[in-house]
Amino acid sequence: MGTDVLVLGSINMDIVARAATIPSPGETLAGSTLEYFPGGKGANQAVAARRAGAPTRLIGCLGEDGFGAQLRGFLDGAEVDTALVRDVQGPSGVALIVVADSGENSIVVVPGANALAAADQANADAFASAAVGIAQFEVPVASIEAFFARCQQAGVLTVLNTAPAIDEPGDCLDLADVLVLNETELAKYSGAVLHDDTAKAEIVAAARDVRSAPTQIVIVTLGARGVVAVAADTVTEVAGRAVEAVDTTGAGDCFVGYLAAGLRAAPPAGPGERALTEALTAALRQANLAASLCVQSPGAAPSIPSVADLPAAP
């Protein structure tokens, strides 16, 4: 097993409009600004892992359009290895985002080239050099299943971020060593009724319902309330940080990328075990800290802090 983070995921251009609130169905609002930011869950998580200090490779697809060239240039500038990113005919992925003055957002994603991302874009050497493999639901389920199968064959820890939540996840949840969900996604996959103020004991119970194997770790991100991680009989909590959110876009991706970088130092506790080690707890804390910094700046990938920025956190 290697030391890299290998990401299969989407690459989008985020077109971001700011307005006082998020519009209701049928409502038209006047916006204040319109901006373009590199994004996509795969790209964001790759940038986060790299800024956390991990050598990172991204598997994905870009369209042969102006956005594609800009996005590749950004990733190269962020020192993410894009050798496994393929250019395809048609448009690049685009996310249309409305950000309210509160920092909350509403997002519509048009997959474009992301629908063609496939695990076979990577050769055996890419898996041999990896310690952690990440995927999310902005690329085809079949591609994720193939990616995780190859990760497991190479002894690579698999991390699935269940965003955006989809109705038919196939075998993806079962193939993941680590699941990262927010409360909305946890409610969907557990069947539990959850709210913003749901007690953490209920969150833990829902997380246990989602677990598909005794060795699987389920991590639930709770925004300002922090993080809960459930593994075997162990529950670890990381407290939230009170910050003034400017834009929450990409905060979850920042968390996942930093977590993956930290998990490289958290090997199994024993044959077939994925215990909550001290290294994993440290990774959770650092990922939570990084995400709290991310929301204080606009944009997704551009707002992700580097590891050198973390000690200066307020």
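Refer to the structure above for everything that follows.
Residues numbered from 1 in each chain as written. Predicted model: local features only at pLDDT ≥ 70, side-chain atom pairs only at ≥ 80, totals over all residues. Heavy atoms only, no water.

Looking at the nonpolar core
Residues Leu58, Ile219, Phe255, Tyr258, Leu259 and Leu284 are the most contacted members of the largest nonpolar core, which totals 50 residues. Not counting residues up to four positions away in its chain, the partners in contact with isoleucine 219 are Val178, Leu179, Val180, Leu181, Val227, Val228, Ala229, Phe255, Leu259 and Leu284. (Core = buried A, V, L, I, M, F, W, Y, C linked by side-chain atoms within 4.5 Å. Buried < 20%, exposed > 50% of the residue type's maximum accessible area, 1.4 Å probe, protein only. Contact = heavy atoms within 4.5 Å.)

What to know about helix α1 (residues 41-51)
When you tally the buried positions in α1, you get nine out of 11 residues, the bulk of the element. Along α1, the residues classified as buried are Lys41, Gly42, Ala43, Asn44, Gln45, Ala46, Val47, Ala48 and Ala49. Within two residues after α1, glycine 53 carries a phi angle of roughly 110°, on the positive side. (Helix = DSSP H or I, 4+ residues; strand = E, 2+ residues; numbered from the N terminus.)

Points about the sheet that holds strand β7 (residues 105-110)
In spatial order, the strands read β3-β2-β6-β7; together these four strands make up an open sheet with mixed pairing. The open sheet has two edge strands, β3 (31-39) and β7, and neither has a second partner. On average, each strand axis in the sheet is inclined to that of its neighbour by 15°, with strand direction left out of account. Of the strand pairs in this sheet, strand β2 (residues 12-19) and β3 are connected by eight bridges, and their pairing is antiparallel. Bridge pairing links arginine 18 to threonine 33 in β3. Along the sheet face, helix α2 (residues 66-77) touches β2, β3 and β6 (93-100) and points at about 95° away from the line of β2. (Pairing = 2+ DSSP bridges. Axes fitted to C-alpha atoms, helices over the stretch in contact; angles between N-to-C directions.)

Observations regarding helix α4 (residues 141-153)
Its 13 residues give α4 an end-to-end C-alpha distance of 18 Å, which sits within 8% of 18 Å, the value for a rise of 1.5 Å per residue. Of the positions making up α4, those classed as buried are Val141, Ser143, Ile144, Phe147, Phe148 and Cys151. End-on view of α4: buried residues confined to an arc of 155°, all on one side of the axis. Opposite the packed face of α4, turned more than 90 degrees from it, sit the exposed residues Ala142 and Gln153. Against β1 (4-8), β4 (56-63), α3 (124-128), β8 (130-136), β9 (157-161) and α5 (172-175) lie the buried residues of α4. (Expected span 1.5 Å × (residues − 1). Arc of directions from axis to C-beta.)

Some remarks on the packing of helix α6 (residues 183-190) against helix α7 (residues 200-210)
Packing of α6 against α7 leaves a shortest axis separation of 9 Å and a crossing angle of 55°. One finds that α6 runs oblique with respect to α7. Regarding α6 and α7, the two cross each other, and that crossing is left-handed. Only Ile203, Ala206, Ala207, Asp209 and Val210 of α7 make contact with α6, whose side of the interface consists of Glu183, Leu186, Tyr189 and Ser190. Looking at the contact of α6 with α7 residue by residue, the classes come out as six nonpolar, one polar and two charged. (Parallel < 35°, antiparallel > 145°, perpendicular 65-115°, else oblique. Left-handed = near helix turned anticlockwise from the far one by under 90°. Nonpolar A, V, L, I, M, F, W, Y, C, P; charged D, E, K, R; others polar.)

Focus on the environment of alanine 20
Relative to the helices and strands, alanine 20 is located in the loop between β2 and β3. Taking the C-alpha atoms as reference points, alanine 20 and asparagine 161, 141 residues apart in sequence, are found 30 Å from one another. Residues in contact with alanine 20, not counting those within four places in the same chain, are Ala100 and Asp101.

Let's talk about the pattern of salt bridges
All told, the structure shown has seven salt bridges when counted by the stated rule. With a closest N to O distance of 2.6 Å, lysine 188 and aspartate 167 form a salt bridge. Pair noted here: lysine 188 is in helix α6 and aspartate 167 is in the loop between β9 and α5, with a separation of 21 residues, a long-range link. For lysine 188, a relative accessible area of 39% translates into the label partly exposed. (Salt bridge = Lys/Arg side-chain N within 4 Å of Asp/Glu carboxyl O.)

Examining the side chain of serine 92
Here serine 92 is to be found in the loop between β5 (85-88) and β6. The exposure class assigned to serine 92 is buried, which follows from its relative accessible area of 4%. Of note is the side chain of serine 92, whose polar atom sits 2.9 Å from the backbone nitrogen of glycine 63. Among the polar contacts made by the side chain of serine 92, one reaches the main-chain amide nitrogen of glycine 68 at a distance of 3.3 Å. Those residues in contact with serine 92 that sit more than four places away from it in its chain are Leu62, Gly63, Asp65, Phe67, Gly68, Leu71, Pro111, Gly112 and Ala113. (Polar contact = N/O pair within 3.5 Å; in protein donor to acceptor, adjacent residues only side chain to side chain.)

Here we look at the pairing of strand β11 (residues 217-221)
Extensive coverage of β11 is indicated by the burial of five of its five residues. Burial along β11 is two-sided: Ile217, Ile219 and Thr221 facing one way and Val218 and Val220 facing the other are all buried. Direction of pairing for strand β10 (residues 178-182) relative to β11: parallel, over a ladder of five bridges. When the bridges of β11 are listed, valine 178 appears paired with isoleucine 217.

Things to note about the packing of aromatic side chains
Summed over all chains, the structure comprises three aromatic pairs. A ring pair is formed by tyrosine 36 and phenylalanine 67, whose centres lie 6.3 Å apart and whose planes are at 45°; its orientation type is tilted. In this pair, tyrosine 36 sits in strand β3 while phenylalanine 67 sits in helix α2, placing the two residues 31 residues apart along the sequence. When the centroid spacing of 5.8 Å and the interplanar angle of 50° are considered together, the rings of phenylalanine 127 and phenylalanine 147 count as tilted. On the criterion of sequence distance, the pair formed by phenylalanine 127 in helix α3 and phenylalanine 147 in helix α4 is long-range, its members being 20 residues apart. An identical accessibility class is assigned to phenylalanine 127 and phenylalanine 147; each is buried. Chaining the aromatic ring pairs together yields one cluster made of Phe127, Phe147 and Phe148. (Phe/Tyr/Trp six-rings, centres within 6.5 Å; stacked < 30°, edge-to-face > 60°.)

Shape is all these values report; function is a separate question.
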